[in-house]
Amino acid sequence: MRRKQLHRRELVQENIDNLSGLHPVLARVYAGRGVKTAADLDYDLVRLLPPGDLKGMDDAVTLLQQALQEQQHIMIVGDFDADGATSCAVAVRALTQLGASRVSFLVPNRFEYGYGLTPEIVELAGQQSPDIIVTVDNGISSVEGVATARKKGFRVLITDHHLAGEQLPDADAMVNPNQPGDEFASKCLAGVGVIFYVMLALRARLRESGWFGEATCKEPNLASLLDLVALGTVADVVPLDYNNRILVAQGLKRINAGRACAGIQALLQVAKITPGRLQASDLAFRIAPRLNAAGRLDDMSLGIDCLLSHDRHQALALAQQLDQLNSERKVIQQDMERDARAAVSALHLDEAGLPYGLCLFDKQWHQGVVGLVAARIKEQCHRPVIAFAQSEDHELKGSARSIPGLHIRDALDAVAVRHPTLLKKFGGHAMAAGLTLLSRDFETFSLAFDEEVRRSLRQEDLQACVMTDGILDPCSMNLEFAQALAQAGPWGQGFPDPLFEGAFEIVQRRVVGQHHLKLVLRINGHDACIDAIAFNGAPQGKLTGAQYIHAAYRPEVNEFRGQQSLQFMIEYFHESDSTTTTT
């Protein structure tokens with residue numbers, strides 16, 4: 001395990017003082033995440049930013065209102081990840097509830113058509129004769145696809161959240177908080193958040209026009225879709241700014257109250273999760289991977305069908321198929337990770353000698369799983385990583401993951417500017433992106449990518465850093481405080497789970513599940529012992545006989561056979577010569 005630096009979050013005393021009504025440790029935790037007042041912790045739906053602030057919303061609503069009034073065929077074109085699947089489910093469910101009688105969906109198979117509204121997808125959509133195509137979680141870069149759709153007489157509404165390129169598609173309407181000229185205060189909406197906002201604005205317009213008084217449908221409660229919005233938002237790892245925390249908190253509230261849709265309830269069942277204490281991390285690590293497995297290995301239509309199902313038995317059967325696919329994905333991923341680590345080791349370079357931007361390729365790799373491999377190697381080496389798989393005969397598809405300090409999509413854009421013929425296409429976010437290039441250009445691109453990363457990062461930027469909330473007082477190391485932390489979320493990207501640090505005596509250690517290190521720890525000067533686990537920490541645990549460790553950990557509630565207990569979830573640790581902790 002690579003040695004990391006532990007840094008404590010900077011705190012503004014004024015913010016802590018403004019939160020004085022809270023538990024002092026919680027006040028410190030919140031202040032370290034930019035919370036200034038108790039109002040920043042009010043997650044009532046009335047505090048959501050208004051839909052009208054999104055650029056292009058009026059045009060989008062006008063387009064959809066006409067489609068409803070004329071009972072036109074609306075086709076949703078989605079994406080093959082969890083954000084795309086939930087976005088598609090929200091669009092289909094909401095439009096149907098709002099009175100649309102002809103709503104269908106089409107999601108590209110990543111292995112045949114790739115990402116977005118391509119001309120090929122438009123040709124496929126044309127077989128069903130849609131009147132209007134609505135993209136969800138894609139479209140901002142689909143210049144050629146939109147042009148093809150317009151030529152065929154289809155109107156196009158783009159709803160997306162990805163960063164725009166130099167040229168925008170000539171769509172009839174476009175809603176994207178990250179498009180040029182948009183002044184929406186939150187740039188962090190996931191694709192599912194964007195389409196949810198469009199549906200809110202459409203309902204408001206229909207209400208004003210008297211639609212619900214005249215139509216056969218009742219005005220729907222769109223809050224019923226927030227379980228899907230929460231899942232997609234967490235799964236896409238977008239920053240949980242205040243607006244997104246409202247969406248996720250409200251969605252979790254519905255799920256924990258047993259009011260989730262049949263598909264999510266079925267996914268909870270196969271994941272062996274009982275609603276009631278569900279947290280955002282459960283969505284991220286136990287539900288989203290099962291949904292994503294469909295898009296990674298097969299066809300995301302399976303996942304969308306699960307989320308759209310109204311029958312509990314049908315939803316469960318679909319969820320079980322997703323669970324099986326996820327098990328297959330794990331096996332594939334383990335083999336690919338082993339190959340990737342071996343490839344890095346085969347370079348025979350120490351960490352200082354590795355490329356700043358690391359590109360990996362194996363012709364046997366599965367293109368649906370390369371993103372997960374890139375993420376794991378990025379964690380291991382702490383540098384931007386792109387993992388490639390063979391797609392067509394002479395083409396590679398890559399998935400990139402970055403580290404703080406490098407905007408990965410901008411880096412790819414810079415490579416494309418310096419080498420205009422190198423990249424066939426690319427797109428993405430600050431921390432993740434996708435790209436396509438010719439097989440023959442892999443080595444050339446690898447060098448160009450490393451050169452570009454070196455322009456943005458210094459050697460010290462490649463030193464992994466763990467941000468902590470400081471030392472936790474022993475009097476707070478109990479089950480009650482762990483429960484309070486769990487309820488104080490939602491925690492996630494950009495608003496991370498509380499993480500504390502401290503030095504402990506190792507009372508017991510053992511390896512469980514081949515890879516994980518189970519520990520019993522004791523605080524200096526105290527008799528009480530605390531259970532702890534370090535996932536994937538076994539290799540280090542086998543090599544050391546140290547009596548003490550310095551750890552960065554999260555106090556969590558461990559439930560076993562109906563009994564709850566405190567457990568430290570260790571994110572990082574290194575050997576220590578004593579239990580003395582510097583402050």
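Definitions and limits used
- Residues numbered from 1 in each chain as written.
- Predicted model: local features only at pLDDT ≥ 70, side-chain atom pairs only at ≥ 80, totals over all residues.
- Heavy atoms only, no water.
- Helix = DSSP H or I, 4+ residues; strand = E, 2+ residues; numbered from the N terminus.
- Rg over C-alpha atoms; globule rule 2.2 N^0.38 Å.
- Buried < 20%, exposed > 50% of the residue type's maximum accessible area, 1.4 Å probe, protein only.
- Pairing = 2+ DSSP bridges.
- Phe/Tyr/Trp six-rings, centres within 6.5 Å; stacked < 30°, edge-to-face > 60°.
- Lys NZ or Arg CZ within 6 Å of the ring centre and 35° of its normal.
- Contact = heavy atoms within 4.5 Å.
- Axes fitted to C-alpha atoms, helices over the stretch in contact; angles between N-to-C directions.
- Salt bridge = Lys/Arg side-chain N within 4 Å of Asp/Glu carboxyl O.
- Core = buried A, V, L, I, M, F, W, Y, C linked by side-chain atoms within 4.5 Å.
- Right-handed = clockwise from strand over helix to strand, strands pointing away.

Peer 1: Tell me what's going on with the overall build of the protein, and back it up with residues and numbers.
Peer 2: For the protein, the helix and strand inventory stands at 19 helices and 17 strands. For 583 residues, the compact-globule estimate of 2.2 N^0.38 gives 25 Å, and the protein sits close to it at 24 Å. If one aligns the C-alpha atoms of the protein with their principal axes, the spans along those axes are about 75 × 55 × 50 Å. Burial statistics for the protein: of 583 residues in total, 54% are counted as buried.

Peer 1: Would you mind going over the pairing of strand 11 (residues 432-438) in detail, with residue names and values included?
Peer 2: Pairing of strand 9 (residues 395-401) with strand 11 involves seven bridges; the strand directions are antiparallel. When the bridges of strand 11 are listed, Leu396 appears paired with Leu437. Bridge count for strand 10 (residues 423-428) against strand 11 is five bridges, and the pairing is antiparallel. Note on strand 11: the bridge partner recorded for Leu423 is Leu437. In sequence, strand 10 turns back onto strand 11 through a hairpin of three residues.

Peer 1: Tell me about the packing of aromatic side chains, residues and numbers included.
Peer 2: Inspection of every chain in the model, using the stated rule, returns 13 aromatic pairs. For the ring pair Trp491 and Phe495, a centre distance of 5.4 Å and an interplane angle of 15° mean the geometry is stacked. Residues Trp491 and Phe495 agree in their burial class; the two are buried. A ring pair is formed by Phe504 and Tyr553, whose centres lie 5.5 Å apart and whose planes are at 75°; its orientation type is edge-to-face. Linking Phe504 in strand 13 (residues 500-512) with Tyr553 in strand 16 (residues 548-560), this pair joins segments that are 49 residues apart in sequence. In this structure, Phe504 and Tyr553 share a single accessibility class: buried. Grouped by ring-pair contacts, the aromatic residues Phe361, Phe388, Phe442, Phe445 and Phe449 constitute a single cluster. In this structure, Arg245 is placed above the aromatic ring of Phe495, and the distance from its NZ or CZ to the ring centre is 3.9 Å.

Peer 1: Help me get a handle on the environment of Ala230, residues and values and all.
Peer 2: Within the secondary structure layout, Ala230 lies in helix 9 (residues 226-235). Look at Ala230 and you get buried, because its relative accessible area is 0%. A C-alpha to C-alpha distance of 21 Å links Ala230 and Leu318, two positions 88 residues apart in sequence. Excluding anything up to four places from it in sequence, Ala230 contacts Leu247, Val248, Gly251, Leu252 and Leu283.

Peer 1: Any details on the sheet that holds strand 4 (residues 132-136)? Residues and values, ideally.
Peer 2: Read across the sheet, five strands follow the order 3-2-4-5-6 without closing on themselves; strand pairing throughout is parallel. Strand pairing shows two members of the sheet lacking a second neighbour, strand 3 (103-106) and strand 6 (173-175), which therefore form its edges. The sheet shows a mean angle of 20° between the axes of neighbouring strands, taken without regard to direction. In terms of strand pairing, strand 5 (residues 155-159) meets strand 6 through three bridges, oriented parallel. Within strand 6, the residue paired with Leu157 across the bridge is Ala173.

Peer 1: Can you lay out the pattern of salt bridges for me, pointing to particular residues and giving the numbers?
Peer 2: One pass over the full model with this rule turns up 25 salt bridges. Residue Lys424 is joined to Glu395 by a salt bridge in which the shortest nitrogen-to-oxygen separation is 2.5 Å. Of this pair, Lys424 sits in strand 10 while Glu395 sits in strand 9, and the two are 29 residues apart along the sequence. Residue classification places Glu395 among the buried residues on the basis of a relative accessible area of 9%. Salt-bridge contacts for Glu460 lead to Arg458; the nearest nitrogen and oxygen are separated by 3.5 Å. We classify Glu460 as partly exposed; its relative accessible area is 48%. Through salt bridges with shared partners, a single network forms among Arg9, Arg33 and Asp469.

Peer 1: Describe the nonpolar core, and please don't skip the residues or the numbers.
Peer 2: Residues Ile76, Met199 and Ile570 are the most contacted members of the largest nonpolar core, which totals 148 residues. Per-element tally for this core: the top contributor is helix 7 (residues 191-208), with 11 residues. With sequence-adjacent residues up to four places away left out, Ile570 is seen in contact with Leu519, Leu521, Ala532, Ile533, Ala534, Phe535, Ile549, Ala551, Ala552 and Tyr553. In terms of nonpolar packing, the next biggest core, distinct from the first, is built from 25 residues, Leu412, Leu423, Ala433 and Leu462 among them.

Peer 1: Tell me about the pairing of strand 4, and please be specific about residues and values.
Peer 2: One face of the sheet, then the other: side chains in a regular strand alternate in exactly this way. Within strand 4, five of the five residues are buried, leaving the element largely enclosed by the surrounding structure. With burial as the criterion, each face of strand 4 is covered, one bearing Ile132, Val134 and Val136 and the other bearing Ile133 and Thr135. With four bridges joining them, strand 2 (residues 74-77) and strand 4 adopt parallel strand pairing. Directly across from Ile76, in strand 4, lies its bridge partner Val134. Sheet topology note: the strand 4/strand 5 ladder contains five bridges and is parallel. Directly across from Thr135, in strand 5, lies its bridge partner Ile158. The parallel pair strand 4 and strand 5, bridged by helix 6 (residues 143-151), forms a crossover whose chirality is right-handed.

So yeah, pure geometry; function would need other evidence.
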